[in-house]
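So the chains spell out like this:
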Amino acid sequence: MRPRLGRVPGVLGEIACKRAEEVVPYPLPPAPETVPSFREALLKPGLSVIAEVKKSSPSEGAIRALDPVAAARAYQRGGARAVSVLTEPHYFGGGLEDLLKVRQAVDLPLLRKDFVVDPFMLEEARAYGASAVLLIVALLGELTGVYLEEARRLGLEALVEVHTERELEVALEAGAEILGINNRDLATLRIDLATAPRLGRLARARGFQGVLVAESGYSSREELKPLEGLFDAVLIGTSLMRSPDLEEALRALVG
Ligand SMILES: O=C(O)c1ccccc1NCC(=O)[C@H](O)[C@H](O)COP(=O)(O)O
């Protein structure tokens, strides 16, 4: 039940192929009995922030080698509603141990941010304390619904990510309840902040009543204005990680 990765273009294809080569099932630690709900946290009043622990990225190179626990604690103090933890090691400098340590340090729901290309990665996410996983439609294609079902079976929520109209159709058909619209084209790494509002409006026009999340490229309050009243949440990584004071930076962004 693996997606066909040969058809995935650019950097995204490279990362996903490398990830797929590395998946070898092994005995997992016991999963926490309960984890907080990602969906419920994002539905609190106002625009919720999912703050991301992101040490490096293909588009930026090294961002900041900050201890993930220190970053997550600062995010919690600053009012984040959830924390996204990168667990991809080669391009983003993350790891599952970061997820586990952050789980033990904060009460917020955690998103395992990775390039899920094998069902075992869902089991890992659950075992290491995630409330939710990222499912990227550009990677999973017609298997998106299968991965969504498997995530639910394991007690995980899923942020189903799209970047184009075609991917939006696939996500809606698959039954996504939490829909992420990425302003970043993961093949070319170009960012266009008009993408999220455009596809967000389209999703609502198609009858999507679930949680809408805008992703990538945000660094000021002004840039968040087009999301108000349309989106439930925004996912922010690079600009927060680059700030000298993460807690203050988060407060300044969302007030
Ligand atoms: O960030 C990248 O360069 C990147 C490259 C290839 C695949 C995924 C990538 N990022 C994943 C994300 O979607 C972001 O980490 C997340 O939305 C936060 O974005 P930002 O605030 O721009 O760091």
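Residues numbered from 1 in each chain as written. Predicted model: local features only at pLDDT ≥ 70, side-chain atom pairs only at ≥ 80, totals over all residues.

Novice: Mind laying out the overall build of the chain, listing which residues take part and the relevant values?
Specialist: Helices and strands together make up the secondary structure of the chain, namely 12 helices and 10 strands. In terms of overall dimensions, the chain is globule-like: its C-alpha atoms have a radius of gyration of 16 Å, near the 18 Å expected for 255 residues. Taken over the C-alpha atoms alone, the chain extends approximately 45 × 40 × 35 Å along its principal axes. Residues classed as buried in the chain amount to 50% of the 255 residues present. Long-range pairs, those at least 24 residues apart, make up 69% of the contacts in the chain between residues at least 6 apart in sequence. (Helix = DSSP H or I, 4+ residues; strand = E, 2+ residues; numbered from the N terminus. Rg over C-alpha atoms; globule rule 2.2 N^0.38 Å. Buried ≥ 20, exposed ≤ 12 C-beta atoms within 10 Å, placed from the backbone. Contact = placed C-beta atoms within 7 Å.)

Novice: Please set out the environment of Gly 13 residue by residue, giving values where relevant.
Specialist: Within the secondary structure, Gly 13 sits in helix α1 (residues 10-22). Residue classification places Gly 13 among the partly exposed residues on the basis of 17 C-beta atoms within 10 Å. Taking the C-alpha atoms as reference points, Gly 13 and Leu 186, 173 residues apart in sequence, are found 9.0 Å from one another. Discounting chain neighbours no more than four positions away, the residues touching Gly 13 are Leu 5 and Val 8.

Novice: Can you lay out the site of the ligand for me, pointing to particular residues and giving the numbers?
Specialist: In the vicinity of the ligand, 20 residues are found, and the nearest of them are Ser 57, Ser 59, Ser 216, Gly 237 and Thr 238. Every element with two or more residues in the shell around the ligand is listed here: α1, β10 (233-236) and α11 (238-241). In terms of residue class, the shell around the ligand is built from 8 nonpolar, 8 polar and 4 charged. (Near = placed C-beta within 6 Å. Nonpolar A, V, L, I, M, F, W, Y, C, P; charged D, E, K, R; others polar.)

Novice: If you had to explain the packing of helix α3 (residues 68-78) against helix α4 (residues 96-105) to someone new, which residues and values would you point to?
Specialist: Interaxial distance between α3 and α4 falls to 9 Å at its minimum, and their mutual angle equals 40°. In this view, α3 runs oblique relative to α4, as classed from their interaxial angle. Crossing hand, α3 versus α4: right-handed. Contact with α3, carried on its side by Pro 68, Val 69, Ala 72 and Arg 73, involves Asp 98, Lys 101, Val 102 and Ala 105 of α4 and no other residues of that element. (Axes fitted to C-alpha atoms, helices over the stretch in contact; angles between N-to-C directions. Parallel < 35°, antiparallel > 145°, perpendicular 65-115°, else oblique. Left-handed = near helix turned anticlockwise from the far one by under 90°.)

Novice: Quick one: what's the story with the packing of helix α7 (residues 144-153) against helix α8 (residues 165-174), residue by residue and with numbers?
Specialist: Closest axis-to-axis distance for the α7/α8 pair is 9 Å, and the angle between their directions is 40°. Relative to α8, the element α7 is oriented oblique. In the packing of α7 onto α8, the handedness of the crossing is right-handed. Of the residues in α8, those touching α7 at Thr 144, Gly 145 and Leu 148 are Val 170, Ala 171 and Ala 174. Counted by class, the contact of α7 with α8 contains 4 nonpolar, 2 polar and no charged residues.

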